Amino acid sequence: MVEVALEALTALLQPSSMLYMLLGISIGIVVGVIPGLSGIVGMTIVLPFIYGMDPVNGIAMMLGLIAVIHTSDTFPSVLIGVPGTAGSQATVLDGFQLTRQGQGARALGAAFTASMFGGVFGALVLALLLSVARPLILALGSPELFMLTLFGLSMVAVLAKGNLLYGLLAGLAGLMIGTVGIAPMAIEERYTFGSMYLWDGIPMAPLVFGLFAIPEIIDLLIRRGSISLDENGLSGSATQGIRDAFRNWWLVLRSAGVGAAVGLVPGLGASVVDWIAYGIAKQTVRNERFGTGDIRGVIAPEAANNAKEGGSLVPTLILGIPGSATTAVLIGGLALMGIQAGPTMLSEDLPLTLTVVWTLAFANIFAAALCLILARYVARISTIPGPIIFPFLLVVLAVGGYQSSASWGDLVVLLGAGAVGWLMREAGWPRPPMLIGLVLATAAERYLSISINRYEFEWLTRPGVIIIGLLIATIIFVGGIRRKGRE
Amino acid sequence: MALSSKVIRVGLPAAALIVFSLAFIDAMGFTARAQYFPATISGAGALLAAVATVHSARQVSQLRAGAPAPATVVSMDVAPSFEDSEDDGSSPLRRALPHFLWILSYFAILYIFGFVVGTLAFLLLALRILAGWRWWVAAVVSVGVVALLIFFGDFVRLDLPNGLLLPALPF
């Protein structure tokens, strides 16, 4: 195994492979920085060049791209309060608050360091679990998957602490929005009002931009100041953020563990991993001030979303089960090079599989280093006065939101969500629960329906269901009791 | 507390109550397989929204009676300060409305003139009127930003909106 790993490393270190990896990293960074674009856009850019390519070069390019999107997507999340991708929604909560306090560079420094360690941790998980994860993944049926969505939904209660009534209401509103479109278990339109645009449901990106970014923009214009409320402009540095990440190494490690574990579950989605990591961190760290600019609220989701990639490649490579649209395209890309994702990845294609592991690790390190160099300069965006930055921000939001379905409906959703987000903000309603509800609605309904149809109520007695149920109870109640004790 | 703040505080849960109730009634017309999930969610939502409406109305009436306003935490979840927003005497809704109109105007000119012309016009006007830049500076920057977006748009295959009168890229 060690020999094969060294062979894979040598192949990746060839100048041509490194060049392709750097090309993939560059595209990944651009895709991550632009709100509204996801990994699948990056993959469709590189896919036409993959056909007939040397497999090591092709893997270096594709994995280089996939690995770094969740590193660079932190820039818009932290600096302008707009999630770069669905995987960095939770980063907005504390990252943007830190920027408002003049600590944008610090938040970026901590985020990139956590991302790097998370990414390398994910690569390690991929290497270690390749040969043993198969039975574990195959043991996950619809009941367990439903319980895992319930685990995600339980974060609503965690994030709505202190404002439970409105938090639960926002969570239910998110679930309700998630039911719009064609029902997952019946060919039937729900709440579409005859509009074909709504058949696929309400798209996530314009909704998130509207809920979070529009209210901040309005606030910026009313104040006529810059995003940073600090009179000195920027008081925190990226180096301080790096130190924060090292100081919170245990949080980085366990959040990366959460990320990799969520990634292992096919179909749970990138959108939920950051919320789960954020919620668990909120429940377990001492003296938390999450939501008001706690650096640990940036570290936890960022370590998790990069580690998720390593975890999600386990079912993708060894079972051929794509956990997301991006990994589905990856399987297609591998096929174009004559590689079949599945059990052969552990036998005849083992060197290529280990190339994936090395690429994940290297790409995360390179991307984090590059982003750290840029952080100090890019953070200055937060000192630009609101009336100047507003027009550019709005153009970015409109173009980003429009990428969801290239329809005018996207801009209507953006505007409508902006109005609702502003009203929620003014009324003191927490907005994150709404997103969690929206993200998990379809999966929750689908897995619950399959579980009941297939097992009736016997599914409740499955060991996996009981274990996940106990885990949810532990995180919600024990975390709450511990916190009450500390208070 | 200005009138619009009270309206928002009580109106939002009341609007949620109406929406959840209508969604519940609509769900009654779905087939069984499509019905149980939205019916459960909307039923629970309507119940909670009713409680929230009563709760908010009581809070607002207590404020009117002179009780101190409930403390709010400065976070992404809530407005910076419920009371601060009334500092200059105007209601938050009145202060936010002109800025919403800027956003609405941009989307409207995009809808009519497409991406390039719409964005050029919006950037030019916003940078001149809101930022106070000179016309020629605003024009150069607007052209530069649109050119950059077209270049990157081509590279990462961005979809740019076509207008009613003009396509996204009029060339």
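The structure under discussion appears in the preceding block.
Worth saying up front: this structure is predicted, and the values here are computed from it rather than measured.

(A) Region of interest: the nonpolar core. The biggest cluster of nonpolar side chains holds 199 residues, and the ones touching the most others in it are F390(A), F20(B), Y106(B), F107(B), F115(B) and F122(B). Those residues in contact with F115(B) that sit more than four places away from it in its chain are V399(A), Y106(B), L110(B), L120(B), V146(B), L149(B), L160(B), P161(B) and A168(B).

(B) Quick peek at the pattern of salt bridges. Residue and element names in this part refer to chain A. What the rule picks out here adds up to twelve salt bridges over all chains. As a salt-bridge pair, R106 and D244 come within 2.5 Å of each other at their nearest N and O atoms. Highlighted residues: R106 in helix α7 (residues 104-129) and D244 in helix α12 (residues 238-247), separated in sequence by 138 residues. Residue classification places D244 among the buried positions, given a relative accessible area of 3%. Here K308 makes a salt bridge to E309, at a shortest N to O gap of 3.3 Å. Overlapping salt bridges, with partners in common, bring together R100, E216, D219, R223, R425 and R431 in one network.

(C) Molecular detail of the packing of helix α6 (residues 89-100) of chain A against helix α11 (residues 204-223) of chain A. Residues and elements named next belong to chain A. Following both chains from N to C, one finds α6 and α11 inclined at 15°, their axes separated by 12 Å at the closest point. In terms of orientation, α6 lies roughly parallel with respect to α11. Of the two possible hands of crossing, α6 and α11 adopt the one that is right-handed. In contact with Q89, V92, L93, F96 and R100 of α6, α11 contributes M204, V208, F212, E216, D219 and R223. Grouping the amino acids of the contact of α6 with α11 by side-chain chemistry returns six nonpolar, one polar and four charged.

(D) Fine view of the interface of chain A and chain B. Taken together, the 75 residues of chain A in the interface contact 72 residues of chain B. For the pairing of chain A and chain B, the buried interface totals around 6300 Å² over both sides, and the portion due to carbon and sulfur atoms is 76%. Ranking the residues of chain A by area buried against chain B places Y191(A), W408(A) and E426(A) at the top, with a combined share of 10%. Summed over the shared surface of chain A and chain B, the result is zero salt bridges. Linking chain A with chain B are ten residue pairs in polar contact (both at pLDDT 80 or more), by the criterion used here. If you tally residues by element for the side of chain A that touches chain B, the top one is helix α19 (residues 408-427) of chain A, at twelve residues. In terms of residue class, the side of chain A that touches chain B is built from 54 nonpolar, ten polar and eleven charged.

(E) Spatial organisation of the packing of aromatic side chains. One pass over the full model with this rule turns up 17 aromatic pairs over all chains. An angle of 70° between the planes, with centres 6.2 Å apart, marks the rings of W102(B) and F122(B) as edge-to-face. The pair formed by W102(B) and F122(B) is uniform in burial state, with each residue classed as buried. Following the ring pairs from residue to residue traces out a cluster consisting of F390(A), W102(B), Y106(B), F107(B) and F122(B).

(F) Just the packing of helix α3 (residues 39-50) of chain A against helix α4 (residues 55-72) of chain A, in detail. All names here are of chain A. Two elements in contact, α3 and α4, have axes separated by 10 Å at closest approach and are oriented at 170°. Considered as vectors, α3 and α4 are oriented roughly antiparallel to each other. Seen from α3, the contacting residues are G39, G42, M43, V46, F49 and I50; seen from α4, they are G58, M61, M62, L65, I66 and I69. A breakdown of the residues in the contact of α3 with α4 according to their chemical character gives nine nonpolar, three polar and no charged.

Rules used in this analysis
Residues numbered from 1 in each chain as written. Chains lettered and ligands numbered in written order. Predicted model: local features only at pLDDT ≥ 70, side-chain atom pairs only at ≥ 80, totals over all residues. Heavy atoms only, no water. Core = buried A, V, L, I, M, F, W, Y, C linked by side-chain atoms within 4.5 Å. Buried < 20%, exposed > 50% of the residue type's maximum accessible area, 1.4 Å probe, protein only. Contact = heavy atoms within 4.5 Å. Salt bridge = Lys/Arg side-chain N within 4 Å of Asp/Glu carboxyl O. Helix = DSSP H or I, 4+ residues; strand = E, 2+ residues; numbered from the N terminus. Axes fitted to C-alpha atoms, helices over the stretch in contact; angles between N-to-C directions. Parallel < 35°, antiparallel > 145°, perpendicular 65-115°, else oblique. Left-handed = near helix turned anticlockwise from the far one by under 90°. Nonpolar A, V, L, I, M, F, W, Y, C, P; charged D, E, K, R; others polar. Buried area = accessible area lost by both parts, 1.4 Å probe. Polar contact = N/O pair within 3.5 Å; in protein donor to acceptor, adjacent residues only side chain to side chain. Phe/Tyr/Trp six-rings, centres within 6.5 Å; stacked < 30°, edge-to-face > 60°.

Any link to function would need more than the numbers given here.
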